[in-house]
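Structural overview for review
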Amino acid sequence: MDTNLKTIWGIPIWLLRIVVLVLLCLLWEWSTIRNPSLRVFVGQPSGILSFLWNGLFVDAKLWHHGFWSIIATLISFALGSFAGVATGMLFAMSPRVEVFFQPILIALNSLPRIALAPLFLLWFGLGIGSKIALAFSLTFFIVLDSTVAGMRSVNPDHVTLARTLGASPATIFKKITLVSALPTIFTGLRLGMIYALLGVIGSEIIASEQGLGQYLSFLAGVFNTDGVFAVLLLLAILGSAIGYLMSQIEARLLRWK
């Protein structure tokens, strides 16, 4: 399959996507007009757009809740990524340390995070702390695994050649090991950002004072289906924007590939 394919039957693929989405929304709108009871279960596109407009430009509730969700996501991503990369580098440089901690980390990573959410709430309260803790636990292991995998993907012949030429261990690590591992590390960072957002939203849904997840839970509790779909749409757009931004950062920093 040609990954550079930008047209289908001579029509730009982005235009076809828009046409398909518009047709689906028109069918959705028509179905709810013909059968109003469907709105309770699937909402209505016009109602969803109206809710988004009010939440963004009238009462600004979506901005308020979105701000706290994004702040928690960025903090947990920064902490989880730093800890994951640092631990991964330590494991790569000291296999004995990895052998010692590996069973413990595997056991911790196998724990379901949703089951740990009540403990995080007990330890850190309903504020931003419990959100960061849950999201951190997701981001850390993803970035850790990608860092270790990236460090081990280095061509040993390059390392041997550098040593033969008299390169110091610090130079080998900086110029060969780290550079070779960066693409794999960035893959983990991109996934880590998405999972940080998912962890924050999941924590907010369970219990929180504010945030998009808490707002989503409230809307579902009062059977505001249009509002639920509006928040889900906003989260989908936010997740796509994060993925695109991380891809652009990766492409700019790894232009040498």
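Anyway, here's the lowdown on the structure attached to this text. (Residues numbered from 1 in each chain as written. Predicted model: local features only at pLDDT ≥ 70, side-chain atom pairs only at ≥ 80, totals over all residues. Heavy atoms only, no water.)

So, on to the overall build of the protein chain. What the protein chain contains, in helices and strands, is 11 helices and two strands. Taking 257 residues into account, the globule formula puts the C-alpha radius of gyration at 18 Å, and the protein chain, at 23 Å, lies well above it. Each principal axis of the C-alpha distribution contributes one length, and for the protein chain these read about 75 × 55 × 30 Å. Taking all 257 residues of the protein chain together, the buried fraction comes to 37%. The contacts of the protein chain with a sequence gap of at least 6 include a subset with a gap of at least 24, amounting to 70%. With 16 positive and 10 negative side-chain charges, the protein chain shows a spacing of 8 Å between the two charge centroids. (Helix = DSSP H or I, 4+ residues; strand = E, 2+ residues; numbered from the N terminus. Rg over C-alpha atoms; globule rule 2.2 N^0.38 Å. Buried < 20%, exposed > 50% of the residue type's maximum accessible area, 1.4 Å probe, protein only. Contact = heavy atoms within 4.5 Å. Lys, Arg positive; Asp, Glu negative; His and termini not counted. Charge placed at Lys NZ, Arg CZ, Asp CG, Glu CD.)

What follows is about the nonpolar core. By size, the foremost hydrophobic cluster in this structure holds 33 residues, and its most contacted members are L189 and V231. Among the secondary structure elements, those contributing two or more residues to this core are α3 (45–58), α4 (61–93), α7 (128–152), α9 (169–206), α10 (212–221) and α11 (225–253). The leading source of residues in this core is α9, at nine residues. Residues contacting L189, with those up to four places away along its chain left out, are F77, S81, V143 and M246. Membership of the second largest hydrophobic core comes to seven residues, among which are F91, F140, F141 and V148. (Core = buried A, V, L, I, M, F, W, Y, C linked by side-chain atoms within 4.5 Å.)

Another aspect to go through is the pattern of salt bridges. Under the criterion given, the structure shown has three salt bridges. A salt bridge links D226 to R39; the nearest nitrogen and oxygen atoms lie 2.3 Å apart. Of this pair, D226 sits in helix α11 while R39 sits in helix α2 (residues 39–42); the two residues are 187 residues apart in sequence, bridging distant segments of the chain. With its nearest N and O atoms 2.3 Å apart, the salt bridge here joins E98 to R152. (Salt bridge = Lys/Arg side-chain N within 4 Å of Asp/Glu carboxyl O.)

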